[in-house]
Amino acid sequence: MTETLLARSITVSSSQPLLALDDVSMAFRTRRGLFRSGEVTAVAGVSLAIARGETVALVGESGSGKTTVGRVSLRLLQPTSGRVVFDKQDITDVPEERLNWLRKRTAIVFQDPFSSLNPYMTVADLIAEPLVIDGLKDAGVRRAQVRAALAAVDLTPTDRFVNRHPSSMSGGQRQRVGIARALIRNPDYMVADEPVSMVDASSRVEILNLLHGLQRERGVTFLYITHDIASARHFAGRIAVMHLGSIVETGSARQVIDHPVHPYTRALIAAVPEPDPANRFLRRSTEQWQDTPGVAIHADCPHGGSLTLPAVLLEVSGDPGHAVACHLEPPRGR
Ligand SMILES: Nc1ncnc2c1ncn2[C@@H]1O[C@H](COP(=O)(O)OP(=O)(O)OP(=O)(O)O)[C@@H](O)[C@H]1O
Ligand SMILES: [Mg+2]
């Protein structure tokens, strides 16, 4: 990697983003016992911009901060610092009661189709609920929209599904209900948070293809959260790899997967054949360099300087749009 780094700090940017996170950090207060409290930094200095119609995959191990970034991007969480801009409007500090417009234009598909759907509601009521919240009183119009959403997620004939309860459906079917519910307001931007990790293997590809279709046919902008870098290649144009709350590498899916630079990305890719995300190899290879932060990069990096955290993203020379975290402070004067 000698001479592959430009001494130029970049943010992960695109010219006209629908969504932009600028230097976002998120710390959570935690309780330890009755009187002691602490703080967990879930996200540190994340900048990420997603263009209209684009799909960006956020990839990383459990606990790396992916869901937190997704929730901040929807302003379901207010970041501790940094800015969140949706369609040119700064939504960082807007109070919840003035975010109805954002709720109508955005949606989230959860990881767990078992716990995210109320088991006592029918499929029709679950999917129509956002419309009821929006005050759409005409039951006929609601029914028509529910049927259109069911058809869009291939739960047809729709008559067979409207009165069922999630408990009588397979994991793949439930996740389709979750997607139909997310679609009902025709959102511009969706966060799909590990949408297939709890779905049976046979439905995974179908559900990813379904989401892909929404992206192509409706122009939905996606943040696709996954620990599976291989699925990111098929679904996303761009990948951002997260580790310990920061983005350590970003670029087109091809740049990141075919020419990974950061040792953590390399470890993630090397671990792909093992289906279990908590596999031993991944743990071993990522811990190896965590124990000696900066060392793996230091061997090749043209910078000589002190360790800095969070790392700055530097563009890989000769590879526009591909950026990697450098954990070394560039020497003064460059
Ligand atoms: N509400 C919260 N209160 C305290 N700590 C939290 C909270 N939410 C997340 N965290 C912590 O922040 C870190 C990042 O969590 P996050 O859920 O964003 O990770 P993730 O990458 O989505 O992980 P997973 O792949 O397991 O879903 C973790 O250490 C987690 O324990
Ligand atoms: Mg998560």
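Residues numbered from 1 in each chain as written. Chains lettered and ligands numbered in written order. Predicted model: local features only at pLDDT ≥ 70, side-chain atom pairs only at ≥ 80, totals over all residues. Heavy atoms only, no water.

Draft legend 1. Quick peek at the overall build of the protein. Of regular secondary structure, the protein possesses 11 helices and 13 strands. Taking all 334 residues of the protein together, the buried fraction comes to 49%. Restricting to contacts in the protein with at least 6 residues of sequence separation, those with at least 24 account for 65%. On the protein, roughly 16200 Å² of surface is accessible, and the fraction owed to carbon and sulfur atoms is 50%. (Helix = DSSP H or I, 4+ residues; strand = E, 2+ residues; numbered from the N terminus. Buried < 20%, exposed > 50% of the residue type's maximum accessible area, 1.4 Å probe, protein only. Contact = heavy atoms within 4.5 Å. Areas by Shrake-Rupley, 256 points an atom, 1.4 Å probe, with all protein chains shown as cover.)

Draft legend 2. Looking closely at the nonpolar core. Counting 83 residues, the largest nonpolar core has Ile127, Ile179, Tyr189, Leu223 and Ile239 as the members making the most contacts within it. At 6 residues, helix α3 (residues 123-133) tops the list of elements feeding residues into this core. Residues within four places of Ile179 in sequence aside, it is in contact with Val109, Val153, Ile207, Leu210, Leu211 and Leu214. (Core = buried A, V, L, I, M, F, W, Y, C linked by side-chain atoms within 4.5 Å.)

Draft legend 3. Up close: the side chain of Glu194. Checked against the element boundaries, Glu194 lands in the loop between β8 (189-193) and α6 (201-218). One buried charge, Glu194, has no salt-bridge partner; the nearest side chain with opposite charge is Lys66, at 4.2 Å. A polar contact is formed between the side chain of Glu194 and the side chain of His227, at a distance of 3.1 Å. (Lys, Arg positive; Asp, Glu negative; His and termini not counted. Salt bridge = Lys/Arg side-chain N within 4 Å of Asp/Glu carboxyl O. Polar contact = N/O pair within 3.5 Å; in protein donor to acceptor, adjacent residues only side chain to side chain.)

Draft legend 4. Highlighting unusual backbone geometry. Cis peptide bonds are those with omega within 30 degrees of zero, and the linkage from Thr156 to Pro157 qualifies with -10 degrees. Relative to the assigned elements, Pro157 resides in the loop between α4 (139-152) and α5 (171-183). At Lys88, a residue that is not glycine, the phi angle is positive and equals roughly 70 degrees. Residue position: Lys88 is located in the loop between β5 (81-86) and β6 (89-90).

Draft legend 5. Region of interest: the site of ligand 1. Around ligand 1, the neighbouring residues are Phe28, Thr30, Ala42, Glu61, Ser62, Gly63, Ser64, Gly65, Lys66, Thr67, Thr68 and Glu194. Residue Gly65 places a main-chain N or O atom 3.0 Å away from an oxygen atom belonging to ligand 1. Within the side chain of Thr67, an N or O atom sits 2.8 Å from an oxygen atom of ligand 1. Taking 640 Å² as the accessible area of ligand 1 by itself, protein coverage stands at 61%. Only β2 (17-32) and α1 (66-73) provide two or more residues apiece to the shell around ligand 1. Sorting elements by how many residues they give to the shell around ligand 1 places α1 first, with 3 residues. Partitioned by chemical class, the residues of the shell around ligand 1 number 2 nonpolar, 7 polar and 3 charged. (Near = heavy atom within 4 Å. Nonpolar A, V, L, I, M, F, W, Y, C, P; charged D, E, K, R; others polar.)

Draft legend 6. The arrangement of the pairing of strand β3 (residues 36-51) in detail. Alignment of β2 against β3, held across 12 bridges, turns out to be antiparallel. Note on β3: the bridge partner recorded for Ala20 is Ala49. Joining the antiparallel neighbours β2 and β3 is a turn of 3 residues, in which Gly33 adopts a positive phi near 75 degrees. (Pairing = 2+ DSSP bridges.)

Draft legend 7. Geometry of the sheet that holds β3. Pairing is antiparallel in the open sheet, where 4 strands are placed in the order β3-β2-β5-β6. Both outer strands of the open sheet, β3 and β6, are each paired with one neighbouring strand and no more. In this structure, β5 lies alongside β6, joined through 2 bridges in antiparallel fashion. In the sheet register, Phe86 faces β6, and the bridge partner there is Gln89. Packed onto the sheet, α1 meets β2, β3 and β5 and runs at close to 120 degrees relative to β2. (Axes fitted to C-alpha atoms, helices over the stretch in contact; angles between N-to-C directions.)

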